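# Secondary and tertiary structure notes
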Amino acid sequence: MRLLHTSDWHLGASIKQVDCHAEQDRFLSWLVDTLEERDIDVLVVAGDIFHYSNPSNAARKLFYNFLSRCARVDNLRKIIIVAGNHDSPSGLEAPRELLGHLDVHVVGALPRDEEEWPTCLVPVEGHDGEVELVVAAVPYVQEARLGVSLGDGGESELREEYQEAFARLYRRLADEAAERWPQAALAATGHLTIYGKDDEPEKGDFHTGIHRTAKPAASMGEMGEPISDEADHLRTIGTIEAMGPQIFDERFQYVALGHIHRPMPVGGTRHIRYCGTPVATSLDEDTPPRQVIQVDVQAGASPADLPIEVVQVPKWREIFEIDGSEAEINDMLAQMKSAAELPPVVFLRVQLGPDDVAGVDRLSRFKEIIDEHHEVGQRPVIVELRERYDVMVDGGEPIEKMPPIEELSYLDVFEAMYRRRHPDRGAPPERLVAKFRQIEQLMHSNEEGE
Ligand SMILES: [Mn+2]
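Residues numbered from 1 in each chain as written. Predicted model: local features only at pLDDT ≥ 70, side-chain atom pairs only at ≥ 80, totals over all residues. Heavy atoms only, no water.

The next point concerns the layout of surface pockets. Roughly 170 Å³ of volume is contained in the second largest pocket. When its residues are assigned to classes, the lining of the second largest pocket shows six nonpolar, three polar and two charged. (1 Å grid on protein atoms, 1.4 Å probe; cavity = no way out; pocket = protein on both sides within 12 Å on 5 of 7 lines; lining within 4 Å. Points joined across faces, edges and corners; volume = space filled by probe spheres on them. Nonpolar A, V, L, I, M, F, W, Y, C, P; charged D, E, K, R; others polar.)

Looking now at the sheet that holds strand β16 (residues 308-312). Spatial ordering of the open sheet is given by β6-β5-β4-β1-β15-β16, a layout of six strands whose pairing is mixed. Pairing within the sheet leaves two strands with one partner each, and these edge strands are β6 (104-107) and β16. In this sheet, neighbouring strand axes are inclined to one another by 20 degrees on average, regardless of whether the strands run parallel or antiparallel. Both strand β4 (residues 42-46) and strand β5 (residues 78-82) contribute to a ladder of five bridges, which runs parallel. The residue of β5 that forms the bridge with V42 is K78. Packing against the sheet, helix α1 (residues 21-37) makes contact with β1 (2-6), β4, β15 (291-296) and β16, and its axis sits at approximately 170 degrees to β1. Helix α2 (residues 57-70) rests against β4, β5 and β6 of the sheet, and its axis sits at about 155 degrees to β5. (Pairing = 2+ DSSP bridges. Helix = DSSP H or I, 4+ residues; strand = E, 2+ residues; numbered from the N terminus. Axes fitted to C-alpha atoms, helices over the stretch in contact; angles between N-to-C directions. Contact = heavy atoms within 4.5 Å.)

Attention now moves to the nonpolar core. Counting residues in hydrophobic clusters, the biggest one holds 60 residues, and the most contacted among them are L133, L146, I194, I247, F248, Y254 and L257. By residue number, the principal contributor to this core is helix α5 (residues 155-180), which donates ten residues. Setting aside anything within four residues of it in sequence, one finds L257 in contact with H5, S7, A46, G190, L192, I194, F248, V266, I272, R273, Y274 and C275. The next biggest cluster of nonpolar side chains, apart from the first, holds 35 residues, and it includes L43, F66, L76 and L99. (Core = buried A, V, L, I, M, F, W, Y, C linked by side-chain atoms within 4.5 Å. Buried < 20%, exposed > 50% of the residue type's maximum accessible area, 1.4 Å probe, protein only.)

Shown next as C-alpha cells:
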C-alpha cells in the first residue's frame, strides 16, 4: 500500500497581513496531481488542517474543494485526516458521515471511553477486498482523555506518566489491529512533540513558528531579543509536548507525525517522521524544506527496508528578510527578484545611522521604491519593518527599537507588555501564551463575521 504523509496545512493562516490562501490553494492543487501521478492509495493528514479552530469560509472552501477533487483521483482508496491542536475536534468531525461516503475518514478527538479507542483504527482494503493496511488514526490528544491529570508531581514524573499513557494508547491500538486484521500492515498518526533522542530532548527540534513549544536557549526571540532564560526553556520542555519515540509500539511500520513544522525523522529511526508544513506561514518556516513523504507499507516488512521517498513541495511564494542601511535596502528593493509565482513577502531590518530619526515615514518611502520598480501584481509586500541603532550597551546587545504598533501582531504587543511588567522573567510562559492565543482566536472568529 502506498501512503502519502502530509500535515500542518494551517489553512486560513497568514504571514503577518498577507493571506496564505493563494499558496495554500496552489499546494492543494499540486497535491491532487501528486496523488494521481504517484498512484497513492492512502493520503494521511496528520493534523492542523486549519489554522484557527473556527476557520474562515474561504479556508473551509479550500478544504472541501480539495476533498471533492480527490474523489476523482483514480487509485486513491482512502483519505485519513486527524485533528491537530489548532483544529476544532467537533468542527472537523461535524461532516464525518458525509465525508465517509467519499472514503474520507476524519478523527477529531480520541474517545473518552478507553473501550472506544479502537474506533480510531481505519482499515484500508486492497484490490481484492482484503484489508491490507490499518492506520491507527490518533489525533492531538488532550491529556485528560488518557486519564492523566496535572497533579503536584515533578516535571519528570509528569512526563513519565504521560509517556506511559501514550505508550498504552498506541499499544492498545496495535493489539486490537493485530487481532482483527492479522494479515495487514500497520501505520499510525500522532500530533505531538517527539524528541530526537531517546534520553535527551534535542532542543532545536521544538522550535516552530506557530506552536512555540519551546525555543532554543540561545536563539533570538520575536523582537530580536536574545532568549537566554534557561528556566523558561526547561519549563516548556517539561510538558506533555515532549516525549520519546518509544511511545510508539514496535508493530507500527510507519508513524506519520504532525505538529513540528520542520521535516525530520525522529529518534534515529527512519519510520517515525515529521513531514513538516508544506506552506511557510512565518519567516522561520521559510528555511526548512517543504515536503510530503511517500511510503510503501507492507505487512511483515521491517522499518529498515521501508521504501520511503521524500517529495519536494514547490515554493509558490518567497519570504525575504533584508537587513541593511536605508540606502542598501532601497537598492535591494529595487532589484528584488523572486523565482516564485506569487509576489515575495519582505521583512525589513533597517540599521539607522547616529543621525537618522526612527519612525519617520520610512515605510512609505520604501513602498514608493517598490511601486517604481515592480509591475502591479508582482510587487514585493513589506509585512514588517524594524528599525535599530547599532549601539552597544552594557551587555553588548544592540538596541532594537519597537516597530510601529500597526506592524505588530497582538501577540507581539502582549509579549512586550509582559516583558515590561516582569523585566526579570523573560518571555511569557507557554501556558499564558496559549491562553492568549485562545482569546485571539475568539476575536478572530468574531471579526470574521459570517
Ligand atoms: Mn501545526
